[in-house]
Amino acid sequence: MSLRIVVCVKYVPDATGDRHFADDLTVDRDDVDGLLSELDEYAVEQALQIAEEADEAEVTVLTVGPEDARDALRKALSMGADKAVHVEDDDLHGTDVMGTSLVLAKAIEKAGYDLVITGMASTDGTMGVLPAILAERLGVPQVTLLSEVKVEDGTVTGRRDGDTASEQLEASLPALVSVTDQSGEARYPSFKGIMAAKKKPVESWDLSDLDVEAEEVGLEGSWTAVDSAAQRPARTAGTIVKDEGEGGKQLAEFLAGQKFI
Amino acid sequence: MAEVLVYVDHVDGAVRKPTLELLTLARRIGEPVAVALGAGAADTAATLAEHGAVKVLTADAPEFADYLVVPKVDALQAAYEAVSPAAVLVPSSAEGKEIAARLAVRIGSGIITDAVDLEAGDEGPVATQSAFAASFTTKSRVSKGTPVITVKPNSAPVEAAPAAGAVEALSVTFGALATGTKVVARTPRESTGRPELTEAAIVVSGGRGVNGAENFSIIEALADSLGAAVGASRAAVDAGWYPHTNQVGQTGKSVSPQLYIASGISGAIQHRAGMQTSKTIVAINKDAEAPIFDLVDYGVVGDLFQVVPQLTDEIKARKG
């Protein structure tokens, strides 16, 4: 039987751009170029490697986001994913992690899955909680923050490197996995891959396809509220000295003046 | 007065510092009730009482160590149902965030992660967060359910505030999902004897300019002269010079110490995201144009192989 892998990816504003908030305090997506979140490339990579090891497998990439988010799906398809699902709906603007996870869970169930793979966090919101929430919503084992992952005989195993210990984990499929940036370099799309991606199917679903009500998502349906966002004041210019042989001592003098020594 | 649940991060009964900081914040909102799970849970009570816990709910069972995250969610949910708190506070560790998030879904509550400050407000606790590589500061609230908030280390002072700290056994029934992910082996990290990176008052980091694993000894020597933790930039970690657990930046740890010393680090956005909120920032870099110098309170343009050892010697001499 074919191993059905669904990879959740996010289209995010480029972290090297001048990111800011829109007037409604949602992430501004108009003034900064978007792209597939770097941390999700690792998820796509591991999905492809697992699929290559399996007898038969199908990799579906899934995103929830505005029209431009299709770019993130294209990138994943050109890396080698088989097909894509784009959940797009005007009512989704301003949805928080609870709403997004609800939509993703419904879409994953509709697509059908044995294994869900995500990155460790997005590079814009950076909460890092979506994988755990998704596992809770789907009611499947959570095998998260893996720097190594393997699927064999209906079992997923992996290594989770934590602050105090490194753990070897094991769970039966269906399961949800998240991988870190330590899981292995993501491949670059080949020219052939880019050409092939143009012919791969991208399905488009809206909220009614998923039986999600508009009130459950969007800014109004959000379970959290941002009251204000202020640009951090630029740090005041510090003292910069050129080392003429006494730089270490000068620095020590500064640290002593600040009572660090 | 409303009760506030505080999830306790401890190692065999030794309470980690971020939990004590949470107690300081919890006291701004209500009366802290601590929840300690696993081996040594009851041993946490004295320390927690000393810092303001009116009650300490404890539970121990093999499931907490043998299975990932979910048994702890079951226990925290049991505590939530027993106490009906005004808010639930959890330390922002990788595991803490996962526990908090799953609890939030179960109890139908919104979640705020990585708060750096917390105050009482008319419509519930107001959390301060950093966004976009710490270039913005936001204030947020949970608008549905009981606020579940995870708080980053170094967000509040540890304060002595003696309270009763009465220990009560928490009764926990594990659900079907609790045993879904088995921990088949656990290798504890070797202790370096240095402070934990995210909790340290001083962090000394090395980057590409350190130019080799063997050269990290000069960064470690400087760190040890100050009693500091050692960090590394992504470039240094990707090159295999220093372990990933010490990486500071967007895909590593985010730190906010009193003093951050960056050596041979250019200051790319990936790194700034993890250290920009440090109180005092110092950099040593041979490139006068490196973006790290835009952040510093004091910078030395020079060869770190000259400057860092001289600094270490000078610190040792001054400390006598």
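Note that the structure is predicted; figures quoted are calculated from it, not measured.

Criteria and cut-off values
- Residues numbered from 1 in each chain as written.
- Chains lettered and ligands numbered in written order.
- Predicted model: local features only at pLDDT ≥ 70, side-chain atom pairs only at ≥ 80, totals over all residues.
- Helix = DSSP H or I, 4+ residues; strand = E, 2+ residues; numbered from the N terminus.
- Rg over C-alpha atoms; globule rule 2.2 N^0.38 Å.
- Buried ≥ 20, exposed ≤ 12 C-beta atoms within 10 Å, placed from the backbone.
- Contact = placed C-beta atoms within 7 Å.
- Pairing = 2+ DSSP bridges.
- Axes fitted to C-alpha atoms, helices over the stretch in contact; angles between N-to-C directions.
- Parallel < 35°, antiparallel > 145°, perpendicular 65-115°, else oblique.
- Left-handed = near helix turned anticlockwise from the far one by under 90°.
- Nonpolar A, V, L, I, M, F, W, Y, C, P; charged D, E, K, R; others polar.
- Domains from an automatic or database assignment.
- Right-handed = clockwise from strand over helix to strand, strands pointing away.
- Core = buried A, V, L, I, M, F, W, Y, C linked by C-beta atoms within 7 Å.

Thoughts on the overall build of chain B
Then step 1. Secondary structure summary: chain B contains nine helices and 18 strands in total.
Then step 2. Over its C-alpha atoms chain B spans a radius of gyration of 21 Å, differing by no more than 12% from the 20 Å that the globule rule assigns to 320 residues.
Then step 3. Overall, chain B is about 60 × 45 × 40 Å in size when its C-alpha atoms are taken along their principal axes.
Then step 4. Here chain B, with 320 residues, has 59% of them falling under the buried criterion.
Then step 5. Within chain B, residue pairs in contact and separated by at least 24 positions form 67% of the contacts whose partners lie at least 6 positions apart.

Examining the overall build of chain A
Then step 1. Helix and strand content of chain A: six helices and 13 strands.
Then step 2. Its C-alpha atoms give chain A principal-axis dimensions of about 70 × 40 × 40 Å.
Then step 3. A total of 261 residues make up chain A; the buried ones form 50% of that total.
Then step 4. Of the contacts formed within chain A by residues at least 6 apart in sequence, a portion of 72% connects residues at least 24 apart.

Brief notes about the sheet that holds strand S1 (residues 3–7) of chain B
Residue and element names in this part refer to chain B.
Then step 1. One open sheet accounts for seven strands, arranged S7-S11-S6-S1-S4-S5-S12; its pairing is parallel. If you trace the sheet from one side to the other, it starts and ends with strand S7 (111–115) and strand S12 (166–169), each paired once. Within the sheet, the average angular offset between the axes of one strand and its neighbour, ignoring direction, is 25°.
Then step 2. The pairing of S7 with strand S11 (residues 148–151) spans three bridges and is classified as parallel.

Considering the packing of helix H3 (residues 97–111) of chain A against helix H4 (residues 130–138) of chain A
All names here are of chain A.
Then step 1. At a minimum axis distance of 9 Å, the contact between H3 and H4 shows a crossing angle of 50°. Relative to H4, the element H3 is oriented oblique. Judged by the sense of rotation from one axis to the other, the crossing of H3 with H4 is right-handed. Residues Val97, Thr100, Ser101, Leu102, Leu104, Ala105 and Ile108 of H3 form the contact with H4, whose own contacting residues are Leu130, Ile133, Leu134, Arg137 and Leu138.

A short note on the interface of chain A and chain B
Then step 1. Between chain A and chain B, the residue contacts involve 62 residues of the former and 73 residues of the latter.
Then step 2. Mapped by element, the contributors of at least two residues to the side of chain A that touches chain B are H4, strand S7 (142–152), strand S9 (165–172), strand S12 (224–231), strand S13 (239–242) and helix H6 (247–257) of chain A.
Then step 3. Taken together, the residues of the side of chain A that touches chain B break down into 27 nonpolar, 21 polar and 14 charged.
Then step 4. Note that S12(A) and strand S10 (residues 136–142) of chain B share seven bridges and pair antiparallel. Counterpart to A:Ala230 in the pairing with S10(B) is B:Thr137.

A short note on the sheet that holds strand S9 (residues 126–131) of chain B
Then step 1. The strand order S12(A)-S10(B)-S9(B)-S8(B) describes an open sheet built from four strands, whose pairing is antiparallel. In this open sheet, the two strands that pair with only one neighbour each are S12 of chain A together with strand S8 (117–119) of chain B. The average angle at which neighbouring strand axes cross in this sheet is 25°, direction not considered.

Thoughts on the domain arrangement of chain B
All names here are of chain B.
Then step 1. Split into domains, chain B comes out as domain 1 (3–179) and domain 2 (202–319).
Then step 2. With centres defined by C-alpha atoms, the gap from domain 1 to domain 2 works out at 32 Å.
Then step 3. The partner domain 2 presents nine residues to the six residues of domain 1 that form the contact.
Then step 4. Of the residues contributing to the side of domain 1 that touches domain 2, the split by class is three nonpolar, two polar and one charged.

Some thoughts on the pairing of strand S5 (residues 55–59) of chain B
Residues and elements named next belong to chain B.
Then step 1. For S5, the tally of buried residues reaches five of five residues, placing the bulk of the element in the interior.
Then step 2. Along S5, one buried face is formed by Lys55, Leu57 and Ala59 and the opposite face, lined by Val56 and Thr58, is buried too.
Then step 3. Of the strand pairs in this sheet, strand S4 (residues 31–37) and S5 are connected by five bridges, and their pairing is parallel. Following the sheet pairing, Ala36 is matched in S5 by Thr58.
Then step 4. Each parallel crossover has a hand, and for S4 linked through helix H2 (residues 45–50) to S5 it is right-handed.
Then step 5. Summarising the sheet, S5 and S12 pair through four bridges and their orientation is parallel. Each residue of the ladder has a partner; that of Leu57, found in S12, is Glu168.

Points about the pairing of strand S8 (residues 155–161) of chain A
Residues and elements named next belong to chain A.
Then step 1. Going residue by residue along S8, you find Val156, Gly158 and Arg160 tucked away on one face and Thr155, Thr157, Arg159 and Asp161 left uncovered on the opposite face.
Then step 2. In this sheet, S8 lies alongside S7 in antiparallel orientation, the contact comprising six bridges. The partner of Glu148 across the bridge, within S8, is Arg159.
Then step 3. Connecting S7 to the next strand, S8, in antiparallel fashion are two residues, including Asp153 with a positive phi near 50°.
Then step 4. Turn length for the S8-S9 hairpin, with the two strands adjacent in sequence and antiparallel, is three residues.

Description of the environment of B:Gly180
Then step 1. For B:Gly180, the position within the fold is in the loop between S12 and strand S13 (182–188).
Then step 2. Taking the C-alpha atoms as reference points, B:Gly180 and B:Leu37, separated by 143 residues in sequence, lie 19 Å from one another.
Then step 3. Discounting chain neighbours no more than four positions away, the residues touching B:Gly180 are A:Pro141, A:Ala171 and B:Val70.

Quick word on the nonpolar core
Side chains that are nonpolar tend, in soluble globular proteins, to be buried together.
Then step 1. Among the nonpolar cores identified, the biggest contains 131 residues, and A:Val7, A:Val44, A:Ala76, B:Val6, B:Val35 and B:Leu89 are the most heavily contacted of them.
Then step 2. If near-sequence neighbours (up to four positions away) are discounted, B:Val35 is found in contact with B:Leu5, B:Val6, B:Tyr7, B:Val8, B:Leu57, B:Leu76, B:Ala79 and B:Leu170.
Then step 3. Formed by 49 residues, the second largest nonpolar core is a distinct cluster that contains A:Leu251, A:Phe254, B:Ala229 and B:Val255.

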